[in-house]
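Listed below are the residues making up each chain.
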Amino acid sequence: MPGGNQIIAWAPPDGREVFHTNCPARQVLDHITNRWGIWVLLGLRHRELRFFELRDRIEGISEKMLSQTLRALVADNLVWRRVEPTVPPQVTYGLTEFGAGTADHLGNMFDWIRGNAASMMEACPKDESAV
């Protein structure tokens, strides 16, 4: 792609391809696991939302960061975007099949963490110098 990032498929002979910077899966994972990617996918997990509904649902995200995150997730085919030709335009987002599968796995992980967070925090050393 002229002027854009190229995704180059490359696999070292020992099978560690996911750890190589050119691995396409790693690039997608970087978009999912950035500060806001997980929250966007979880926010869209059960229904499609308009931009401002999604912004209001994810506490602390700015419009700029939401826009950037959505742009990356759309490019990765995890999220779809629909623009209604109204004045002003209404933009709606939802999960693709890949995005829904990813959000389901993230939701399971989030549910497990939520169910175990208190126990995990209790097991943490109280003295931060011990870490």
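Up top is the structure these notes are about.
Cut-offs and rules
By convention here, each chain's residues receive numbers from 1 onward along its written sequence. For a predicted model such as this one, the threshold for reporting local features is a pLDDT of at least 70, and the threshold for listing and counting side-chain atom pairs is 80 or more; totals across whole chains, interfaces and linings nevertheless cover every residue. Calculation of side-chain values draws on the structure's entire complement of heavy atoms; hydrogens and water are dropped beforehand. Note on terminology: a nonpolar core comprises buried Ala, Val, Leu, Ile, Met, Phe, Trp, Tyr and Cys residues joined through side-chain atoms within 4.5 Å. Any residue under 20% of the maximum accessible area for its type is buried, any over 50% is exposed, and the rest in between are partly exposed; the area is computed with a 1.4 Å probe on protein chains only. Put simply, DSSP H or I for four residues or longer makes a helix, DSSP E for two residues or longer makes a strand, and each gets a number counted from the N terminus. Here a residue-residue contact requires only that any non-hydrogen atoms of the pair lie within 4.5 Å. Side-chain rings of Phe, Tyr and Trp, where Trp is taken by its six-membered ring, are said to pair if the distance between their centres is within 6.5 Å; with planes under 30 degrees apart they count as stacked, over 60 as edge-to-face, and otherwise as tilted. One less than the residue count of a helix, multiplied by 1.5 Å, gives the span that helix is expected to have. Axes are fitted to the seven residues ending at a residue and to the seven starting at it; the angle between these axes is taken as the bend at that residue.

Engineer: Just to check I follow, could you spell out the nonpolar core for this structure?
Structural biologist: For soluble globular proteins, the rule of thumb is that nonpolar side chains tend to be buried together. Grouped together as the largest cluster of nonpolar side chains are 21 residues, with contacts concentrated most on V40, L41, L44, L54, L70 and V79. Sorting the residues of this core by element identifies α2 (37-43), α3 (51-57), α4 (63-75), β3 (90-95) and α5 (97-123) as the ones contributing at least two each. When neighbours within four sequence positions are excluded, L54 is seen to be in contact with V40, G43, L44, L49, L66 and L70.

Engineer: In this structure, what is going on with the packing of aromatic side chains? I would like to understand it.
Structural biologist: A ring pair, where both rings are aromatic, is described by two values, the distance of the centres and the angle of the planes. The tally for this structure, following the rule as stated, stands at two aromatic pairs. With a centroid separation of 5.7 Å and an interplanar angle of 85°, the aromatic rings of W39 and F110 are classed as edge-to-face. Here the residue W39 occupies a position in helix α2, and F110 occupies one in helix α5, the gap between them amounting to 71 residues. You can call F110 partly exposed: its relative accessible area is 30%. Ring geometry for F51 against F52: centres 5.3 Å apart, planes inclined by 85°, an arrangement best described as edge-to-face.

Engineer: Help me understand α5 in this model?
Structural biologist: Because an α-helix completes one turn every 3.6 residues, residues spaced three or four positions apart along the sequence face the same direction. Here α5 spans 38 Å end to end across 27 residues, near enough to the 39 Å set by a 1.5 Å rise per residue. Residue N116 marks the point of greatest curvature in α5, where the axis turns by about 55°. By the burial criterion, the buried members of α5 are G99, T102, A103, L106 and G107. Looking at the buried side of α5, the elements it contacts are α1 (24-32), α2 and β3.

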